[in-house]
Amino acid sequence: MTTSAATGTTTDQPPAPPRAGALHKAARRKKLVPYWLLLPGILWLLVFFAAPLVYQASTSLQTGSLEEGFEVTWHFATYWDALGEYYPQFLRSVAYAATATALCLALGYPLAYLIAFKAGRWRNLLMVLVIAPFFTSFLIRTLAWKTILSDGGPVVSTLGSLHVLGLTDALGLTEGHRLLATPLAVVCGLTYNFLPFMILPLYSSLERIDSRLHEAAGDLYARPLTTFRKVTFPLSMPGVVAGTLLTFIPAAGDYINAELLGSTDQKMIGNVIQSQFLRVLDYPTAAALSFILMAAILAVVTVYIRKSGTEEVV
């Protein structure tokens, strides 16, 4: 506001516009805000993921012994030697993990559907029951299954009275009319321990489906099975894909279930890696096996996501 000397009146003047340099600095600071917000996560990944990965890569290319020391000699043959010697454990891990994932999907989908659409006021209680096993140690839960599947336990007695163990023996799932130290025991342990990882994403996907779509399908004279096949299941595919990935990936690298519920004939690749690191102390072979497992899982996951047509889940 200024005063005119000739007329004695006051006039309003607009404030001076900000300088171009100040505007440029403000715009640059605004563009940098997302990167500053990402900085803690990037540092975390660099310190706890990228750096250990590089160290493991260098370890896999070393030669030597614990007494003489290890030295990076770019010995790529370690990968071929490890894969050639332990490929049965790789195949067994994939088979066990795939079987456990299929069982988790078969068991988890009906339960997730029940919680999402039929539970009503019991929904929160059922969700608590689903995640309740996480409050107990993974090791203790697996040891509990060792007791459940013991030779003198009720499960073996019941299956024996039903003459089921004879059939499972013929299929190679059990041996000698017992459950422990058999492939069936390992798969049961994997299924139980990773079942919540399947249920939670399935429930999240099903819960977002608009119930009016089911009503519209009913108005068009679609039967319940047709509604599920044409409406519910396609819309829940992101949850199916996420659940199978969250189940298969950790199950393929697990070694606790095979260690406690299986025998030497059921060892998975995780058991081999653990043994090479902590018992044999052959660090290059253990690191090479870890990289081979990671590459194999990454390839399987990539193909699976592309085939399922749900790239948006990742």
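Look a little higher up for the structure.
A. View of the overall build of the protein chain. Summing up its helical and strand segments, the protein chain has 13 helices and four strands in all. A globule of 314 residues ought to have a C-alpha radius of gyration of about 20 Å, yet the protein chain, at 29 Å, is considerably larger. The principal-axis extent of the C-alpha atoms belonging to the protein chain is close to 115 × 75 × 35 Å. Excluding contacts between residues fewer than 6 apart, the proportion of contacts in the protein chain whose partners are at least 24 apart in sequence is 66%. If you sum the accessible surface of the protein chain, you get close to 19500 Å²; carbon and sulfur atoms cover 68% of it. One way to put it: in the protein chain the 22 positive side-chain charges average out to a point 15 Å from where the 19 negative ones average out.

B. Fine view of the environment of F248. Structurally, F248 is set in helix 10 (residues 237–252). Take F248: its relative accessible area is 12%, and that puts it in the buried class. Taking C-alpha positions, F248 is 33 Å from S161, a pair spaced 87 residues apart along the chain. Apart from residues no more than four positions distant in its own chain, F248 is found in contact with V94, A97, A98, T101 and V300.

C. A look at helix 2 (residues 77–118). Roughly 70° is the biggest bend found in helix 2, and it falls at Y86, with proline P88 one to four residues downstream. Phi turns positive one or two residues past the end of helix 2, at G120, with a value near 65°.

D. Molecular detail of the pattern of salt bridges. For the structure on display, the rule yields four salt bridges. With its nearest N and O atoms 3.8 Å apart, the salt bridge here joins R279 to E259. Taken as a pair, R279 in helix 12 (residues 269–280) and E259 in helix 11 (residues 256–261) lie far apart in primary sequence, 20 residues in all. According to the relative accessible area criterion, R279 is exposed, its value standing at 55%. Each of the salt bridges in this network shares a partner with another, and the network as a whole consists of E259, K267 and R279.

E. Up close: the packing of helix 10 against helix 13 (residues 283–308). With their axes 11 Å apart at the nearest point, helix 10 and helix 13 run at an angle of 165° to one another. By the angle between their axes, helix 10 is roughly antiparallel relative to helix 13. In this structure, helix 10 meets helix 13 at a crossing whose hand is right-handed. Two secondary-structure elements touch here, helix 10 through M237, V240, V241, T244, L245, F248, I249 and A252 and helix 13 through L293, I297, V300, V301, Y304, I305 and S308. Residue composition of the contact of helix 10 with helix 13, by class: 13 nonpolar, two polar and no charged.

F. Structural context of the side chain of T142. Mapped onto the elements, T142 comes out in helix 4 (residues 138–148). T142 sits in the buried class, given a relative accessible area of 0%.

G. Local environment of the pairing of strand 3 (residues 62–65). When strand 3 meets strand 4 (residues 69–72), the two strands line up antiparallel, connected through four bridges. Counterpart to T63 in the pairing with strand 4 is E71. Hairpin connection between strand 3 and strand 4: a loop of three residues separates the two successive antiparallel strands.

H. How the structure looks around the nonpolar core. Grouped together as the largest cluster of nonpolar side chains are 42 residues, with contacts concentrated most on L190, I269 and L289. For this core, the elements supplying multiple residues, two or more each, are helix 2, helix 3 (123–131), helix 7 (183–207), helix 10, helix 12 and helix 13. For this core, the leading source of residues is helix 2, giving 11 residues. Beyond its immediate sequence surroundings of up to four residues, I269 is in contact with Y86, Q89, F90, S93, A252, L289 and L293.

About the cut-offs
All residue numbers refer to position in the chain's written sequence, counted from 1. Only residues with pLDDT of at least 70 get local features here, since the model is predicted, and only at 80 or more are side-chain atom pairs given and counted; chain-wide, interface and lining totals rely on the full set of residues. The basis for every side-chain value is the complete set of non-hydrogen atoms in the structure, without hydrogens or water. Only DSSP runs of H or I with at least four residues qualify as helices, and only runs of E with at least two residues qualify as strands; both kinds are numbered from the N terminus onward. C-alpha atoms define the radius of gyration in this analysis, and the globule rule sets the expected value at 2.2 Å times the number of residues to the power 0.38. The contact criterion used is simple: two residues touch if any of their non-hydrogen atoms lie within 4.5 Å. Areas reported here follow the Shrake-Rupley algorithm with a probe of radius 1.4 Å; residue values treat only the protein chains shown as occluding. Under this rule, positive means Lys or Arg and negative means Asp or Glu; His and the chain ends count for nothing. Each charge is placed at NZ for Lys, CZ for Arg, CG for Asp and CD for Glu. Per-residue accessibility, obtained with a 1.4 Å probe over protein chains only, is compared with the maximum for each type, and a residue is labelled buried under 20%, exposed over 50%, and partly exposed between these values. Two axes enter the definition of the bend at a residue: one is fitted to the seven residues ending there, the other to the seven starting there, and the bend is the angle between them. By convention in these notes, a salt bridge is any Lys or Arg side-chain nitrogen within 4 Å of a carboxyl oxygen on Asp or Glu. Orientation is described by lines fitted to C-alpha atoms, with helices fitted over the stretch in contact, and by angles between N-to-C directions that extend from 0 to 180 degrees. Should an angle fall under 35 degrees it is called roughly parallel, over 145 degrees roughly antiparallel, and 65 to 115 degrees roughly perpendicular, with every other angle called oblique. Throughout, a crossing is termed right-handed when the near helix is turned clockwise from the far one, and left-handed when it is turned anticlockwise from it by less than a right angle. Amino acids are sorted into nonpolar (Ala, Val, Leu, Ile, Met, Phe, Trp, Tyr, Cys and Pro), charged (Asp, Glu, Lys and Arg) and polar (every other residue, Gly among them). Note on pairing: DSSP must find at least two bridges between two strands before they are called paired. Only buried residues count toward a nonpolar core. Its members are Ala, Val, Leu, Ile, Met, Phe, Trp, Tyr and Cys residues joined through side-chain atoms within 4.5 Å.

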